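Structure assessment
Single-letter residue listing:
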Amino acid sequence: MNTKSTSPTLLRAICFICSLLPMSSLVAQTTAQTGASADAAQTQPKELPQDAQVWLENMSQSLRKAQYKVSIIHLQANHIRPFVYLHGIVDGEQVAFLEYLNGPPMNAVRVGQTVTYIEHEQPAYSVHAGRIEGSWPAAFSGDINQLAKGYEFVLGGRSRIAGRPGQMIRLIPKDELRYSHQVWIDMESFLPLRYDLLSDNRDLIEQMLAIELLELPASAPLLEEAFRTEWPLVMNPPERADGQDWKFSWLPEGFRIVVKDHHRLLGSQQAVEYIALSDGLVDISVYVSRLGETPMPEELITRNGLSLVTELVGNAEVVVIGKAPSATLSRIAKSLHLE
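This report concerns the structure included in the present document.

The rules we used
Residues numbered from 1 in each chain as written. Predicted model: local features only at pLDDT ≥ 70, side-chain atom pairs only at ≥ 80, totals over all residues. Heavy atoms only, no water. Helix = DSSP H or I, 4+ residues; strand = E, 2+ residues; numbered from the N terminus. Expected span 1.5 Å × (residues − 1). Buried < 20%, exposed > 50% of the residue type's maximum accessible area, 1.4 Å probe, protein only. Polar contact = N/O pair within 3.5 Å; in protein donor to acceptor, adjacent residues only side chain to side chain. Pairing = 2+ DSSP bridges. Axes fitted to C-alpha atoms, helices over the stretch in contact; angles between N-to-C directions. Contact = heavy atoms within 4.5 Å. Salt bridge = Lys/Arg side-chain N within 4 Å of Asp/Glu carboxyl O. Core = buried A, V, L, I, M, F, W, Y, C linked by side-chain atoms within 4.5 Å.

**Considerations on helix 2 (residues 52–65)**
Here helix 2 contains 14 residues, and its C-alpha end-to-end distance of 20 Å stays within 8% of the 20 Å for a straight helix at 1.5 Å per residue. Among the residues of helix 2, those classed as buried are Ala52, Gln53, Trp55, Leu56, Met59, Ser60, Ser62 and Leu63. Measuring from the backbone nitrogen of glutamine 53 back to the side-chain oxygen at the start of helix 2 gives 3.0 Å, which picks out aspartate 51 as the cap.

Dropping the structure here:
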C-alpha cells in the first residue's frame, strides 16, 4: 500500500479551516442564543428605559460586566483606524484585549487595573490603568453622575447599527466650554454601538463605529490565557525632584487632573511640566516651560476639533491642547499659577 504525503498547500488549507472551527462554533452558539432571546422578547417584550441617564448607567454596567467582542472603525480627522476589542470576566477580574488591524502590530492587554502595551519592535511595558487607551471614552464605563456635572442627557432617535437596533443619547454641554457628544446604545445588550464628537457647528470631529458586536456565552480563550500570563511589572514613574507645584484657580465643571509629570513637547529634546485634564469624554493636555527655555508654538491652531493655545503666565509659557473651544483652553491656561 502506497502512502502519499500531504502537500504543503493542502496542509495549510486544513490548518486554516481548523482555525475557523472554534469561531464558527462560537458564532453559531451566539446566533442561537440571540435567536432564543429574540423569541423570548416576542412573548415577553423587554422593558426599555424611558430616561436618558438610565440608558447611560446601563451602558456603564454592561461595559464593565458583559463578555463580548466588538469590531470598531475609529474615524479621526483624515485617519481611519480599525481595531478589535475583547472583554470578559475571569476569576472576578475584568480582562480585555485590543488589537489594531492596520499598520505595525500593536496590541494592549488589560488585567484588572494593569494595562500592558505590546508594540512592534518595542519592549512591552505595563501601567496602572482601569482601561485601555483608544477604546470607548473612559466616562462610558465610569460614574455617570460625574458626567452629569458638565452635560445634560437627552433621548434621541433609534437607528440600526452593525445589524442591531440602537437608541441614541445626546450629551449636551451645560455651558459653552466644551463640545457635544452622542452615543447609540444597543437595545438588547446596552453596549455602545457608535460614538460621535461634534463641533459647535455640528460638524463631525471624531467617530467610533461598531461594525460587528458579538455577545459571548463565556470569556474568550484569549482572555483566559491573558489572565494567566505574567506581564511586565508596572514601572513607577521617576520622582520629579525639580517639578513645580502648578495649580489651577479654575477648571470647567467636571474636569480634574489625572496626570502630572515631565513630558516632551512637539519633538523637543527638553522635558517640560505636563498636566493632563479630563472630564471622562475629553482629554486636555497642558505644557508649562520657563520663558525662553524651550521653544513653544506661537500661534493658535484649530483643525478637526483639536485646538492649541499658547499663553504667557508670569515667567512661564503655557501650551494647552485639546478637543474643546479655544476660548476654554485659553481660560484654563490663564488660571494656572504656582502654589
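The discussion continues.
**What about the sheet that holds strand 5 (residues 114–119)?**
With antiparallel pairing, the 11 strands of this open sheet are ordered in space as 6-5-4-3-2-1-11-10-9-8-7. Both outer strands of the open sheet, strand 6 (125–128) and strand 7 (151–161), are each paired with one neighbouring strand and no more. Neighbour-to-neighbour, the strand axes of this sheet turn through a mean angle of 15°, independent of strand direction. Sheet topology places strand 7 next to strand 8 (residues 164–173); 9 bridges connect them, and they run antiparallel. When the bridges of strand 8 are listed, leucine 155 appears paired with isoleucine 169.

**Some words on the environment of glutamine 113**
Its location among the elements puts glutamine 113 in the loop between strand 4 (106–111) and strand 5. Considering only alpha carbons, one finds glutamine 113 and glycine 130, 17 residues apart in sequence, at a separation of 4.8 Å. Glutamine 113 has contacts with Val127, His128, Ala129 and Gly130, leaving out every residue within four places of it along the chain.

**A few points about the pattern of salt bridges**
For the structure shown, the criterion picks out 9 salt bridges. The residue aspartate 196 makes a salt bridge to arginine 194 at a minimum N-O spacing of 2.8 Å. You can call aspartate 196 buried: its relative accessible area is 2%. A salt bridge links aspartate 245 to lysine 247; the nearest nitrogen and oxygen atoms lie 3.7 Å apart. For lysine 247, a relative accessible area of 32% gives the class partly exposed. In this structure, a network of salt bridges that share partners links the residues Arg164, Asp186 and Glu215.

**Description of the pairing of strand 18 (residues 316–322)**
It is a general feature of regular strands that their side chains alternate between the two faces of the sheet. Within strand 18, 7 of the 7 residues are buried, which leaves the element mostly enclosed by the surrounding structure. Here strand 18 shows a buried face lined by Ala316, Val318, Val320 and Gly322 and a second buried face lined by Glu317, Val319 and Ile321. Bridging between strand 15 (residues 283–290) and strand 18 involves 7 bridges; their strand directions are antiparallel. The residue of strand 18 that forms the bridge with arginine 290 is alanine 316. Here strand 17 (residues 306–313) runs beside strand 18; their pairing, made up of 7 bridges, is antiparallel. Its bridge partner being in strand 18, serine 307 is matched across the sheet by glycine 322.

**Observations regarding unusual backbone geometry**
Even without a glycine there, the phi angle at glutamate 121 is positive, about 55°. Relative to the assigned elements, glutamate 121 resides in the loop between strand 5 and strand 6. One non-glycine residue, phenylalanine 190, lies in the positive phi region at around 65°. Turning to its location among the elements, phenylalanine 190 is positioned in the loop between strand 9 (180–186) and strand 10 (192–198).

**Observations concerning the nonpolar core**
Where a protein is soluble and globular, its nonpolar side chains tend to be buried together. Membership of the largest hydrophobic core comes to 66 residues, with the highest contact counts inside it found for Leu56, Phe153, Ile284 and Val286. Ranked by residues supplied to this core, first place goes to helix 2 with 5 residues. Not counting residues up to four positions away in its chain, the partners in contact with isoleucine 284 are Phe255, Ile275, Ala276, Leu277, Val320, Ile321, Gly322, Ala324, Leu329 and Ile332. Formed by 11 residues, the second largest nonpolar core is a distinct cluster that contains Phe97, Leu214, Leu216 and Ala226.

Spatial relationships are all this shows, so hold off on functional conclusions.
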